[in-house]
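Coordinate inspection notes
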Amino acid sequence: MSDKKSPPIGGVIERGGTAHEYTTGGWRKFKPVVDHEKCINCLICWVVCPDSAIIAEEGKMIGFDMEHCKGCGLCASECPDKITAITMEEEAD
Amino acid sequence: MATLKDFAKKEELFTGGHRLCSGCGIPPIVRLVLRNYETPVVAANATGCLEVATTIYPYSAWRIPWIHSAFENTAATISGVETAYRALKKRGKIPGGDKDIKFIAFGGDGGTYDIGLQSLSGALERGHNFLYLCYDNGAYMNTGIQRSSATPFGCNTTTSPAGTVIKGKLEKRKDLTRIVVAHNVPYAAQASPHNWSDLAKKTQKAINTKGPTFLNVISPCPLGWYTKPEDSNKHARLAVESCYWPLYEVEDGVLRVTYKPKKKVSMEEWLKPQGRFKHIFKPGAEGLLEEIQSQVDEYWEKLLEFDGKPVY
């Protein structure tokens, strides 16, 4: 990614997915916290996340991408009622 | 049928870092739909939330070839891309030879129901091999919540404001899925992001059907519906459970309702938490809720009559 001082010729963005380099974590008022002991790795949180911020590896939910999580709370509200492994906590200043 | 674990193992083609609102209903739809492709895919995008928020220069959230040209011509754009691909392939000018490439167009309800309708109709009639996905959030949310022809009856928007005399939008919404079905397309369906397996199944069918296919997916909008971001999926679920947004598909002319709620949720339960409908629960709007409920009931009954039967 070129910086603003030297944009590429023609303003071309040379590759896809560069938005990943832009962080939206600063939008957050509340942050998701997961209790791995309760989590059953159903990955519902992963499918509902608008910001691709649930990190899943080998079919397991391993945590959050806090650089992109906007703190919407969808993961916590969609975490199955009997499990409630994800809760929202106020973001420290 | 792929499980969420299978989907999660596939590459993320739509990255975080886009500027769509917190709790937006669109990205989960796009992420899931793109994961159903086994082949390379090319996307066209109508002007709208999805387009402006994912491609703010110099950032792009797309890891696939992506094209935007204007508001009204997404379907025409993808038609051109698909035709160029076919022509070049025929002449042996595609590097990699006979690689199979699929095409998808994304549009919001404004870019599909209203502004892009003629280009969509043309592309469907010409029979291009592509999937058109409309995310319907029920207004022009990107430009400040103006009414569209997908806006529900009685809904408050900035151009159909609820006041003391007029109570929100006076017209019924357009039934776009039925308009698309009238083009005799091989596959058209309505889906919702809260039911990911239903959406994935329909996407699979749409991708693997030759010819133009169409998906109309409800997309909750915390900004324009005046709802809490964490409740987006809940509202998609209630839209389906109340039969406002029936899940059905039309495959080779035969309609099938893919989900029938065991107990129909009242429209009141769905509308009450939404700020865009708060006026209908205030004095002076008596009868409006009943009117909305009877419209939804009437439509659902009609749809059930066609369940399992050919519609054309």
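Up top is the structure these notes are about.
All of the points below concern the structure found in this document. Keep in mind it's a predicted model, so treat the numbers as computed, not measured. (Residues numbered from 1 in each chain as written. Chains lettered and ligands numbered in written order. Predicted model: local features only at pLDDT ≥ 70, side-chain atom pairs only at ≥ 80, totals over all residues. Heavy atoms only, no water.)

Notes on the overall build of chain A
Check the secondary structure of chain A and you find two helices and four strands. Computed over the C-alpha atoms, the radius of gyration of chain A is 16 Å, more than 25% above the 12 Å expected from 2.2 N^0.38 for a compact globule of 93 residues. If you line up chain A on its principal axes, its C-alpha atoms span 55 × 35 × 15 Å. Residues counted as buried form 44% of the 93 residues belonging to chain A. Of all intrachain contacts in chain A linking residues separated by at least 6 positions in sequence, the fraction that spans at least 24 positions is 60%. Working note: accessible area of chain A is about 5,500 Å², and carbon and sulfur atoms make up 51% of it. Between the averaged position of the 10 positive side-chain charges in chain A and that of its 16 negative side-chain charges there is a distance of 3 Å. (Helix = DSSP H or I, 4+ residues; strand = E, 2+ residues; numbered from the N terminus. Rg over C-alpha atoms; globule rule 2.2 N^0.38 Å. Buried < 20%, exposed > 50% of the residue type's maximum accessible area, 1.4 Å probe, protein only. Contact = heavy atoms within 4.5 Å. Areas by Shrake-Rupley, 256 points an atom, 1.4 Å probe, with all protein chains shown as cover. Lys, Arg positive; Asp, Glu negative; His and termini not counted. Charge placed at Lys NZ, Arg CZ, Asp CG, Glu CD.)

Describing the nonpolar core
One finds Trp46(A), Met61(A), Ile86(A), Leu34(B), Leu50(B) and Phe106(B) to be the most contacted residues of the largest nonpolar core, which totals 115 residues. Non-local contacts of Ile86(A), meaning those with residues more than four positions away in its chain, are made with Pro32(A), Val33(A), Val34(A), Cys45(A), Met61(A), Phe64(A), Cys75(A), Ala76(A) and Cys79(A). (Core = buried A, V, L, I, M, F, W, Y, C linked by side-chain atoms within 4.5 Å.)

Here we look at the side chain of Gln295(B)
Residues and elements named next belong to chain B. Here Gln-295 is to be found in helix H12 (residues 288-306). Residue classification places Gln-295 among the buried positions, given a relative accessible area of 18%. Dropping the residues within four chain positions of it, Gln-295 is found in contact with Phe-153 and Lys-172.

A look at the environment of Lys38(A)
Residues and elements named next belong to chain A. The residue Lys-38 is located in the loop between strand S1 (30-34) and helix H1 (44-48) in this model. Each C-alpha atom of the pair Lys-38 and Gly-10 lies 52 Å from the other, and the pair is 28 residues apart in sequence. With residues up to four places along the chain from it excluded, the contact list for Lys-38 reads Ile-83, Thr-84 and Ala-85.

What to know about the sheet that holds strand S4 (residues 131-136) of chain B
Residue and element names in this part refer to chain B. With respect to topology, eight strands assemble into an open sheet ordered S2-S1-S3-S4-S6-S5-S7-S8, the strand pairing being mixed. The sheet is open, and its two edges are formed by strand S2 (66-67) and strand S8 (254-257), each paired on a single side. As paired elements, strand S1 (residues 41-45) and strand S3 (residues 102-108) share five bridges and run parallel to each other. Residue pairing for S3: Val-41 is matched across the bridge by Lys-102. With respect to the sheet, helix H2 (residues 26-35) is in contact with S1, S3, S4 and strand S6 (213-218), its orientation differing from that of S4 by roughly 160°. The strands that helix H4 (residues 74-90) touches are S1, S2, S3 and S4; relative to S3, the one it contacts most, it runs at about 170°. (Pairing = 2+ DSSP bridges. Axes fitted to C-alpha atoms, helices over the stretch in contact; angles between N-to-C directions.)

Comments concerning the interface of chain A and chain B
Contacts between chain A and chain B engage 36 residues on the former and 36 residues on the latter. Of all residues in chain A, Trp46(A), Val47(A) and Pro50(A) give up the largest surface area on contact with chain B, accounting jointly for 20% of the area buried on that side. Inspection of the region where chain A meets chain B yields one salt bridge. Between Arg237(B) and Glu78(A) there is a salt bridge, and its shortest N-O distance comes to 2.8 Å. Going through the elements one at a time, H1 and helix H2 (74-78) of chain A are the ones with two or more residues in the side of chain A that touches chain B. With four residues, the single largest contributor to the side of chain A that touches chain B is H1(A). (Buried area = accessible area lost by both parts, 1.4 Å probe. Salt bridge = Lys/Arg side-chain N within 4 Å of Asp/Glu carboxyl O.)

Points about the environment of Leu199(B)
All names here are of chain B. Secondary-structure assignment places Leu-199 in helix H8 (residues 196-207). Judged by its relative accessible area of 0%, Leu-199 is buried. Put simply, Leu-199 and Ala-189 are 10 residues apart on the chain and 9.3 Å apart in space, counted from C-alpha to C-alpha. When near neighbours in sequence (up to four residues on either side) are disregarded, Leu-199 contacts Ile-29, Leu-32, Val-33, Ala-191, Ser-192, Pro-193 and Val-217.

A word on unusual backbone geometry
For the bond from Tyr57(B) to Pro58(B), the omega torsion is 0°, close enough to zero to count as cis. Mapped onto the elements, Pro58(B) comes out in the loop between helix H3 (49-54) and S2. Phi angles above zero are rare outside glycine, and Leu43(A) is one such case at about 65°. The residue Leu43(A) is located in the loop between S1 and H1 in this model. Notably, Ser52(A) is not glycine yet its phi reads approximately 50°, a positive angle. By the element assignment, Ser52(A) lies in the loop between H1 and strand S2 (54-57).

A short note on the pattern of salt bridges
Residues and elements named next belong to chain B. In the structure shown here, the tally under the stated rule is 18 salt bridges over all chains. The residue Arg-31 makes a salt bridge to Glu-12 at a minimum N-O spacing of 3.2 Å. Taken together, the positions of Arg-31 in helix H2 and Glu-12 in the loop between helix H1 (4-9) and H2 put the pair 19 residues apart, joining distant regions of the chain. With respect to class, Arg-31 is no different from Glu-12; both count as buried. In this structure, the salt-bridge partner of Glu-249 is Lys-205, at a minimum N-O distance of 2.9 Å. Within this pair, whereas Glu-249 is found in strand S7 (residues 248-251), its partner Lys-205 is found in helix H8, the two being separated by 44 residues in sequence. Taking the relative accessible area as the measure of exposure, Glu-249 reaches 3% and is therefore buried. Overlapping salt bridges bring together Lys-205, Glu-249, Glu-251 and Arg-256 as one network.

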